[in-house]
Amino acid sequence: MTLKTYTLHFPTNLKTCFLSLFFLLPAILFSQTLEDCNNGLDDDGDGLIDCFDTDCTCTGGCDSFYYKPCIPDCAYLPPCGPVSLATKWMSNAETGTFSPIVAGDMDGDGIPEVVTTRIEQSDLYILDGVTGQIKIHVVEPTTLWPGGTAPAIGDLDNDGFGEIVIVGFNQRLYCYEHTGALKYISPGQVGYGQRFQFSIPNIADFDQDGWPEVNVGNQVFNGQTGALLASGTNFLSDGEHPARVAAGYSFASTVPADVLPTNACFGCQGLEIVAGNQVLSVNLVTGLVLPVAFAPFGYSDGFTSVADFDGDGNLDAIVQGQKNGLNTVYVWDIQTNSILREFQLLNNWSEEHLV
């Protein structure tokens, strides 16, 4: 058998066409900027940054992110029916009656720690999450500590270990290492009155620069030093229930989240603060915290949570507050400033419960 070869000849203009396509194709492919999920920038210009962008969902780095988490194909659906609870362990830590707990792997050993305080006295406990045994017990030599109703934990200095932040009776932020060592006390006070000693801190990266901040009420503090970066006023909402404020003290409960697009306001480039009946923009350059979205008239400030209540892809605010002076839980659509759901509570309701 004779093997023959053939030469394929193209017209000159067709060659030119193929060459042009060859050089233009990379430009076409890269002309549409893709979202980089870990650089703190809105690369594709859609108003969403990193893990807040749906382009980053299920990409690996954002699978555990709290906003629009990745749902695996084999997601476990628990059966409906009675649930049987049993005590796994009981700790000998002497926590207080109103002492909430938080949990997370602070020392990187793969075992979550449980962190709680004893409000009535100056005690901070770090417990082993498997056994409940006390790993670290911090006792401060002053009655001005701790006072905070809830600790917050997070890696504030990017050293791979978790830190603990609480608010003391003296209205200062107290930050502790995972070892229990005191990291800093904020130079300034939290809030605008004595009731803010009960404020609940949040940890979030407002400007998406990789360094977390601490949010309390309508204020934002430097997570590494405790210095005040941005502040609203005593006249802005800050996640407090009106009945508590009238009694002279309150628990401030706000939620940092990216609930508005970047072009919605001057300070909407990063995260906003969802505070009861208002959404507050945060500008860490100018230090301004300003209201940019409002619930309808008559609905008060209050303890705040967020969820996509109506399933439209946007977070809504769930508030335990008041409507025209009556204790009410209400849900409002932040995008349209409309009420989605509400119900009134009995007069003997407990003001300790968050939505």
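Look a little higher up for the structure.
Values in this document were obtained by computation on a predicted structure and should not be read as measured data.

Enquirer: Just to check I follow, could you spell out the pairing of strand E8 (residues 182–185) for this structure?
Expert: In summary, the side chains of a regular strand alternate between the two faces of the sheet. Examined bridge by bridge, strand E7 (residues 173–176) and E8 share 3 bridges and lie antiparallel to one another. Bridge pairing in E8 links cysteine 175 to tyrosine 184. The turn linking E7 back onto E8 is made up of 5 residues, and glycine 180 within it adopts a positive phi angle of 95°.

Enquirer: For this particular structure, what's the right way to read the nonpolar core?
Expert: Generally speaking, nonpolar side chains in soluble globular proteins are found buried as a group. Core analysis: the biggest nonpolar cluster contains 17 residues, and Val259, Val279, Trp332 and Ile334 have the highest contact counts within it. Counting residues in hydrophobic clusters, the runner-up holds 12 residues, among them Ala230, Leu236, Leu280 and Val282.

Enquirer: Just checking my understanding: could you explain the sheet that holds strand E20 (residues 338–344) for this structure?
Expert: By way of backbone hydrogen bonds, the strands of a sheet pair with one another, either parallel or antiparallel. The antiparallel open sheet is built from 4 strands, whose spatial order is E17-E18-E19-E20. Every interior strand has two partners, whereas the edge strands, strand E17 (303–307) and E20, have only one. Neighbour-to-neighbour, the strand axes of this sheet turn through a mean angle of 25°, independent of strand direction. Sheet analysis places strand E18 (residues 316–323) next to strand E19 (residues 326–333), joined by 7 bridges and oriented antiparallel. When the sheet's bridge partners are listed, isoleucine 318 is paired in E19 with valine 331.

Enquirer: Got a minute to help me understand the pattern of salt bridges in this structure?
Expert: Once the charged atoms of two side chains with opposite charge are near each other, the side chains can pair. Per the stated rule, a full pass over the model turns up 5 salt bridges. Between lysine 183 and aspartate 157 there is a salt bridge; the shortest N-O distance is 2.9 Å. Highlighted residues: lysine 183 in strand E8 and aspartate 157 in the loop between strand E5 (152–154) and strand E6 (163–167), separated in sequence by 26 residues. The buried category is assigned to aspartate 157, whose relative accessible area is 17%. Across the salt bridge formed by lysine 183 and glutamate 177, the nearest N and O atoms sit 3.4 Å from each other. Judged by relative accessible area, lysine 183 falls into the partly exposed class, the value being 28%.

Enquirer: Would you take a moment to explain the packing of aromatic side chains for this structure?
Expert: To describe a pair of aromatic rings, you give the distance between the ring centres and the angle between the ring planes. Enumeration according to the criterion identifies 1 aromatic pair in this entry. On the basis of an interplanar angle of 55° and a centroid distance of 4.9 Å, the ring pair of tyrosine 299 and tyrosine 330 is categorised as tilted. Here tyrosine 299 is found in the loop between strand E16 (288–294) and E17, whereas its partner tyrosine 330 is found in strand E19, with 31 residues between them in sequence. Pair check on accessibility: tyrosine 299 and tyrosine 330 agree, each one buried.

About the thresholds
- Residues numbered from 1 in each chain as written.
- Predicted model: local features only at pLDDT ≥ 70, side-chain atom pairs only at ≥ 80, totals over all residues.
- Heavy atoms only, no water.
- Pairing = 2+ DSSP bridges.
- Helix = DSSP H or I, 4+ residues; strand = E, 2+ residues; numbered from the N terminus.
- Core = buried A, V, L, I, M, F, W, Y, C linked by side-chain atoms within 4.5 Å.
- Buried < 20%, exposed > 50% of the residue type's maximum accessible area, 1.4 Å probe, protein only.
- Axes fitted to C-alpha atoms, helices over the stretch in contact; angles between N-to-C directions.
- Salt bridge = Lys/Arg side-chain N within 4 Å of Asp/Glu carboxyl O.
- Phe/Tyr/Trp six-rings, centres within 6.5 Å; stacked < 30°, edge-to-face > 60°.

Read these as layout, nothing more, since geometry by itself doesn't imply function.
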